[in-house]
Amino acid sequence: MTYSRVVGTGSYLPPQILTNADLEKKVDTSDQWIVERTGIRERRVAGPEETSCSMGVEAARRALTSANLAPTDVDLIIVATTTPDLVFPATACLLQERLGMRNCPAFDVQAVCSGFIYALAIADKFIRTGGARRALVIGTETFTRILDWTDRGTCVLFGDGAGAVIVEASESPGILSSHLHADGRYADLLCVPSGVSKGYDKVIASQAYVHMAGSEVFKVAVRVLGEVVDEALEANGMQRSDIDWLVPHQANIRIISATAKKLGLPMERVVTTVDRHGNTSAASIPLAFDEAVRDGRIKRNQVVLMEGVGGGFTWGSVLLKY
Ligand code: UT7
């Protein structure tokens, strides 16, 4: 049986830091409110020349270096992003060119904050079925570009960054399971309510930015992530105690704590970056994973549960043995 196994990780954060104190000067908010309700203290903001592609390239290079591989060793690129550089071509194609890679499939996945889970699950299926031997999977976002900086309900929550993993075919696990879900009935709760299909002339400024019904999103997120935990454990015949690490999407520390509680995991076994990164959408899981791999918390053969939920709604999990 062929599995896909993580052989490299990398990430990139833009240098510019935006603190809660900085936001207090922009909107009617407070450091205390943001910390208590979300756990966020600061987030990164992409510089004027930085894009989802440029940050993804940096994360990819670091992942390749950690795996001791050249770009040409990769035969599949999947980029999860909600904030592509262009309407087309796909950010994955732009990134392929910048890395000097030729003639491997390269495409984007749009599943918002669950994008990395979707992308990793797709890469796993390619590898298991022999469609690829080694895949570069990236989550990268310039989410601050689609924020309304006068809306305190959303602008305090998000940040920019990129994370990457390389997965390759292996006789031993590897990714043990992936589960993907979507329910378009919740589309209005979290969206940017405009797009190219209606025509550029129809886009009005107020619709070009993130709209969110925060507390409703919160309730759905806690519920579906609880279901995802049960689903992943059951599919693998595992107990809660078999999970060594939870690497969750980093939207809100209260949502993360609820999932950890469901798993019976102490917070020391949960990788959290939300305090320093905010919600970086598709980038948040690979950013957190890379941090915990690099600082030695996540060790080889440990069992890691990744989970995420986001606009769509989309949600899902990947359970892997690192
Ligand atoms: O990535 C996946 C998708 N996103 C999420 O998972 C986010 C999910 N939602 C959340 O994380 C939380 O719902 C929020 C952090 C967005 C909001 O927390 P909440 O505890 O659900 O607050 P709320 O929306 O019920 O608002 C409570 C109060 C309101 O005031 P009133 O109506 O009680 O007077 C808001 O107007 O807090 C007010 N408020 C703020 N106050 C200070 C909302 N935003 C802010 C703010 N600063 N930035």
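Provided above is the structure to which this section pertains.
From a predicted model like this one, the values you see are computed outputs, not experimental measurements.

Reading the values: the criteria
Residues numbered from 1 in each chain as written. Predicted model: local features only at pLDDT ≥ 70, side-chain atom pairs only at ≥ 80, totals over all residues. Heavy atoms only, no water. Near = heavy atom within 4 Å. Polar contact = N/O pair within 3.5 Å; in protein donor to acceptor, adjacent residues only side chain to side chain. Helix = DSSP H or I, 4+ residues; strand = E, 2+ residues; numbered from the N terminus. Buried < 20%, exposed > 50% of the residue type's maximum accessible area, 1.4 Å probe, protein only. Pairing = 2+ DSSP bridges. Axes fitted to C-alpha atoms, helices over the stretch in contact; angles between N-to-C directions. Contact = heavy atoms within 4.5 Å. Parallel < 35°, antiparallel > 145°, perpendicular 65-115°, else oblique. Left-handed = near helix turned anticlockwise from the far one by under 90°. Phe/Tyr/Trp six-rings, centres within 6.5 Å; stacked < 30°, edge-to-face > 60°. Lys NZ or Arg CZ within 6 Å of the ring centre and 35° of its normal.

**Q** Mind showing me how you'd approach the site of the ligand here?
**A** Close to the ligand lie 23 residues, the nearest being Thr29, Arg37, His249, Asn252 and Asn279. Thr29 is positioned with one of its side-chain polar atoms (N or O) 2.6 Å from a nitrogen atom of the ligand. Asn279 places a polar side-chain atom, nitrogen or oxygen, 2.7 Å from an oxygen atom of the ligand. Where the shell around the ligand is concerned, the elements lending two or more residues are helix H2 (31-38), helix H6 (152-155), helix H7 (214-235) and helix H8 (253-263). Looking at the shell around the ligand element by element, the count peaks at four residues for H7.

**Q** I'm lost on the pairing of strand S6 (residues 134-142) in this one. Help?
**A** For a regular strand, the rule is simple: side chains alternate between the two faces of the sheet. Within S6, eight of the nine residues are buried, leaving the element largely enclosed by the surrounding structure. The sheet contact formed by S6 and strand S7 (residues 160-170) spans nine bridges and is antiparallel. In the sheet register, Arg134 faces S7, and the bridge partner there is Glu168.

**Q** I tried to follow the sheet that holds strand S12 (residues 303-310) on my own but got confused; where do I start?
**A** Strand pairs in the sheet, formed through backbone hydrogen bonds, run parallel or antiparallel to each other. Ordered in space as S8-S13-S12-S11, the four strands form an open sheet in which the pairing is mixed. The open sheet has two free edges, formed respectively by strand S8 (175-182) and strand S11 (245-248), since each of these has just one partner strand. Sheet twist, expressed as the mean angle between neighbouring strand axes with direction ignored, is 10 degrees. Pairing analysis gives eight bridges linking S12 to strand S13 (residues 314-321), with the strands arranged antiparallel. Bridging across to S13, Gly310 finds its partner in Thr314. Here H7 sits on the sheet in contact with S8, S12 and S13, set at roughly 145 degrees to S12.

**Q** Would you mind going over the sheet that holds strand S4 (residues 76-80) with me for this structure?
**A** Ordered in space as S1-S7-S6-S4-S5, the five strands form an open sheet in which the pairing is mixed. The open sheet is flanked by strand S1 (3-12) and strand S5 (106-109), the only strands paired with a single partner. Across the sheet, the axes of successive neighbouring strands diverge by a mean angle of 20 degrees, strand direction being ignored. Across nine bridges, S1 lies against S7 in antiparallel orientation.

**Q** Got a minute to help me understand the packing of helix H3 (residues 52-66) against helix H4 (residues 91-98) in this structure?
**A** The axes of two packed helices give the description: the angle between them and the distance between them. Packing of H3 against H4 leaves a shortest axis separation of 9 Å and a crossing angle of 55 degrees. Taken together, the axis directions place H3 and H4 in an arrangement best described as oblique. Of the two elements, H3 crosses H4, and the hand of that crossing is right-handed. Contact residues: H3 offers Ser52, Cys53, Ser54, Gly56, Val57 and Arg61, while H4 offers Thr91, Leu94, Leu95 and Arg98.

**Q** I tried to follow the environment of Ile146 on my own but got confused; where do I start?
**A** Tracing the backbone shows Ile146 in the loop between S6 and H6. Since its relative accessible area comes to 17%, Ile146 is described here as buried. The spacing of Ile146 and Val27 is 119 residues in sequence and 17 Å in space, taken between C-alpha atoms. Apart from the residues lying within four places of it in its own chain, the contact partners of Ile146 are Thr83, Val192, Ala208, Tyr209 and Val210.

**Q** In this structure, what is going on with the packing of aromatic side chains? I would like to understand it.
**A** For any pair of aromatic rings, the description consists of the separation of the ring centres together with the inter-plane angle of the planes. Tallied over the entire structure, the rule returns four aromatic pairs. Consider the rings of Phe107 and Phe126, whose centres lie 6.2 Å apart with planes at 35 degrees: the pair is tilted. Of the two residues, Phe107 is situated in strand S5 and Phe126 in helix H5 (residues 115-128); the sequence distance between them amounts to 19 residues. What makes Phe107 partly exposed here is its relative accessible area of 25%. Ring centres of Phe143 and Phe158 lie 4.6 Å apart, and the angle between their planes is 25 degrees; on these two criteria the pair is classed as stacked. Of this pair, Phe143 sits in the loop between S6 and H6 while Phe158 sits in the loop between H6 and S7, and the two are 15 residues apart along the sequence. Each member of the pair, Phe143 together with Phe158, is buried. Looking at Arg269, its charged tip hangs above the ring of Trp245, at a distance of 4.8 Å from the centre. Above the face of the Tyr322 ring, Arg300 is positioned so that its terminal group lies 3.8 Å from the ring centre.

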